[in-house]
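An overview of the molecular structure
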Amino acid sequence: MMSEYGGQETWQEDLYSLLRSNGVKLFCYVPDGGHKTLINRSIEDPEVISVPLTTEEEGVAMCAGAHLGGTKSVLLMQSSGVGNCVNMFALIKNGQFPFVTVVTMRGEFGEMNPWQVPMGQGVQPVVEAMGMHCLRAETPEEVSPTVQAALDMAYKSNQSVAVLLTQKLIGAKPF
Amino acid sequence: MSDDRSLDRKKAVPVIVGDPKDLLIVCGLAGASKDMAHLTNDGDNIFTMAGAMGGATAMGLGLALSRPDKKVLVVTGDGELLMNVGTLATVGILKPANLSILCVDNGHYGETGYQESHTQRGVNLELIAQGSAIPNTRTIDREEQIPEAKKILRDSNGTSFILLKVNTEPPPSIKRSMDATERKVAFRRALLGIA
């Protein structure tokens, strides 16, 4: 049986390796089907800290705290989680903290659950309104270079970046 | 509920925290930041907030996970903690031994006109911390308990949570830096030797 998010395994494995080779040690997430491989790899990896959150905004503050201590981090979330983070992005912007979040998109290409649509449409304007860069990956080939660009912008230029893994890339969940 | 709020934060917080020099400190907005900025003279081992309400405990958790070799103290208020009380559950599943949380609970939103908070109306944050699987918790509402609170915050083998119930006397007044970027750079330079 094909998984709901079939075909993601290869680029997700590559993405995990890329994050690790860039020195990312703290992985924060709210469980998400689109990030399943990445989350499971972080749980299995004894070299990293893997933290399930009760809400995505915790992850924003945790990543800032980890930077104070000298640790690179990533926040993994779904598009709906961006809405939970908005006021906490003020911490990132005011402190010019380097920040990378990888967002699996719902509510766009081929969405079958209407509840996902409003926040899916809101993600890009919301993160840009809060002073973050927004980069999109539409194909498996674009994922690693896009996340590498985000990590460079964050950890070399003190920028905050949201990488959107688009619904065209991850596929629409059947309803 | 008012009879168990006799302690003054200006006297109790400095005694419980003691010498702050060996701590890394993250403070939630308003009173807690003033308490601790005053105690540390807004030093380079403290990061205070004046916004991002609900973020202090998570920020301290990230710092504690990053630096297991250092004692990390989160100082926050009842209102700030209530805004993201679920973070106690995230702390509770990880239980970093080097993390202590001090919640200065005056039962009110002091910055906005002293409206009652939920803790003034029966909500018990120590029980929430216990229910969140934080191993060492204590409520402190009398002066003679303060040495015990200090010991728990400093020496607990496992995450500790102190609920310090205080009256509505204001925090100390201090002019602290509101420039989060400058504070971040100073903190990292002092701790890591890099900006």
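Just so you know, these numbers come straight off a predicted model, no measurement behind them. (Residues numbered from 1 in each chain as written. Chains lettered and ligands numbered in written order. Predicted model: local features only at pLDDT ≥ 70, side-chain atom pairs only at ≥ 80, totals over all residues. Heavy atoms only, no water.)

What follows concerns the pairing of strand β5 (residues 133-137) of chain A. Residues and elements named next belong to chain A. One ladder, built from five bridges, connects β5 with strand β6 (residues 160-165); its direction is parallel. Within β6, the position partnered with His-133 by the bridge is Val-161. Once the chain exits β5 it traverses helix α7 (residues 140-157) before rejoining the sheet at β6, and the crossover so formed is right-handed. (Pairing = 2+ DSSP bridges. Helix = DSSP H or I, 4+ residues; strand = E, 2+ residues; numbered from the N terminus. Right-handed = clockwise from strand over helix to strand, strands pointing away.)

With that settled, the discussion passes to the environment of B:Lys165. Residue and element names in this part refer to chain B. When you line up the elements, Lys-165 lands in strand β8 (residues 160-165). A residue is classified by how much of its surface remains accessible, and Lys-165, at 10% relative accessible area, is buried. Polar contacts involving the side chain of Lys-165 include one to the side chain of Asp-4, which spans 2.9 Å. (Buried < 20%, exposed > 50% of the residue type's maximum accessible area, 1.4 Å probe, protein only. Polar contact = N/O pair within 3.5 Å; in protein donor to acceptor, adjacent residues only side chain to side chain.)

Reported here for the largest pocket is a volume of approximately 390 Å³. What lines the largest pocket is a set of 23 residues, among which B:Leu29, B:Ala30, B:Gly31, B:Gly110 and B:Glu111 lie closest to the centre. At the level of secondary structure, the elements contributing two or more residues to the lining of the largest pocket comprise α2 (31-40), α4 (78-83) and β5 (108-109) of chain B. Of the residues contributing to the lining of the largest pocket, the split by class is 10 nonpolar, seven polar and six charged. For the second largest pocket, the lining is made up of 15 residues, of which A:Asn94, B:Met49, B:Ala50, B:Gly51 and B:Ala180 are closest to its centre. (1 Å grid on protein atoms, 1.4 Å probe; cavity = no way out; pocket = protein on both sides within 12 Å on 5 of 7 lines; lining within 4 Å. Points joined across faces, edges and corners; volume = space filled by probe spheres on them. Nonpolar A, V, L, I, M, F, W, Y, C, P; charged D, E, K, R; others polar.)

Further remarks concern the nonpolar core. Counting 60 residues, the largest nonpolar core has A:Met62, B:Phe47, B:Met59 and B:Phe161 as the members making the most contacts within it. Excluding residues that lie within four positions of it along the chain, A:Met62 makes contacts with A:Leu26, A:Cys28, A:Val51, A:Leu53, B:Ala58, B:Met59, B:Leu61, B:Gly62 and B:Leu65. In terms of nonpolar packing, the next biggest core, distinct from the first, is built from 27 residues, A:Phe27, A:Val74, A:Val147 and A:Tyr155 among them. (Core = buried A, V, L, I, M, F, W, Y, C linked by side-chain atoms within 4.5 Å. Contact = heavy atoms within 4.5 Å.)

With that out of the way, let us pick up the sheet that holds strand β2 (residues 46-48) of chain B. Consider a sheet: its strands pair through backbone hydrogen bonds, and that pairing is either parallel or antiparallel. Residue and element names in this part refer to chain B. A sheet is described by the order of its strands in space; here six strands give the open sequence β2-β1-β3-β4-β8-β7, paired in parallel fashion. Among the strands making up the open sheet, the edge pair consists of β2 and β7 (136-140). Each strand axis lies, on average, 15° off the axis of its neighbour in the sheet, ignoring direction. One ladder, built from six bridges, connects strand β3 (residues 71-77) with strand β4 (residues 99-105); its direction is parallel. Residue Leu-73 lies in a different strand from β4, and its bridge partner there is Ser-100. Its contacts with the sheet place helix α3 (residues 56-66) against β1 (23-27), β2, β3 and β4, and it is angled at close to 180° to β3. (Axes fitted to C-alpha atoms, helices over the stretch in contact; angles between N-to-C directions.)

What follows deals with empty space enclosed by the protein. Residues and elements named next belong to chain B. Within this structure, the stated rule accounts for one cavity of 30 Å³ or more. One number sums up the size of the largest cavity: a volume of about 50 Å³. For the largest cavity, the full set of lining residues is Ile-16, Val-17, Leu-23, Lys-71, Leu-73, Ser-100, Leu-153 and Arg-154. Taken together, the elements giving at least two residues each to the lining of the largest cavity come down to α1 (9-17), β3 and α7 (146-155). Grouping the amino acids of the lining of the largest cavity by side-chain chemistry returns five nonpolar, one polar and two charged.

What follows is about the packing of aromatic side chains. The full count for this structure, using the stated rule, is three aromatic pairs over all chains. Centroid distance A:Phe97 to B:Phe47: 5.9 Å. Interplanar angle 65°. Geometry classified as edge-to-face. Of this pair, A:Phe97 sits in the loop between α5 (89-95) and β4 (99-104) while B:Phe47 is found in strand β2, placing the two residues in two different chains. The class of A:Phe97 is buried, set by a relative accessible area of 1%. Here the basic side chain of A:Lys72 rests over the ring of A:Tyr155, its NZ or CZ set 5.2 Å away from the ring centre. The aromatic ring of A:Phe97 is capped on one face by B:Lys184, whose charged end is 5.5 Å from the ring centroid. (Phe/Tyr/Trp six-rings, centres within 6.5 Å; stacked < 30°, edge-to-face > 60°. Lys NZ or Arg CZ within 6 Å of the ring centre and 35° of its normal.)

Further remarks concern unusual backbone geometry. Residues and elements named next belong to chain B. Backbone geometry at Ala-30 places phi at a positive 70°, although glycine is not the residue there. Mapped onto the fold, Ala-30 is located in the loop between β1 and α2. Here the phi dihedral of Ala-133 falls at roughly 70°; this positive angle occurs in a residue that is not glycine. For Ala-133, the location among the structural elements is in the loop between α6 (125-131) and β7.

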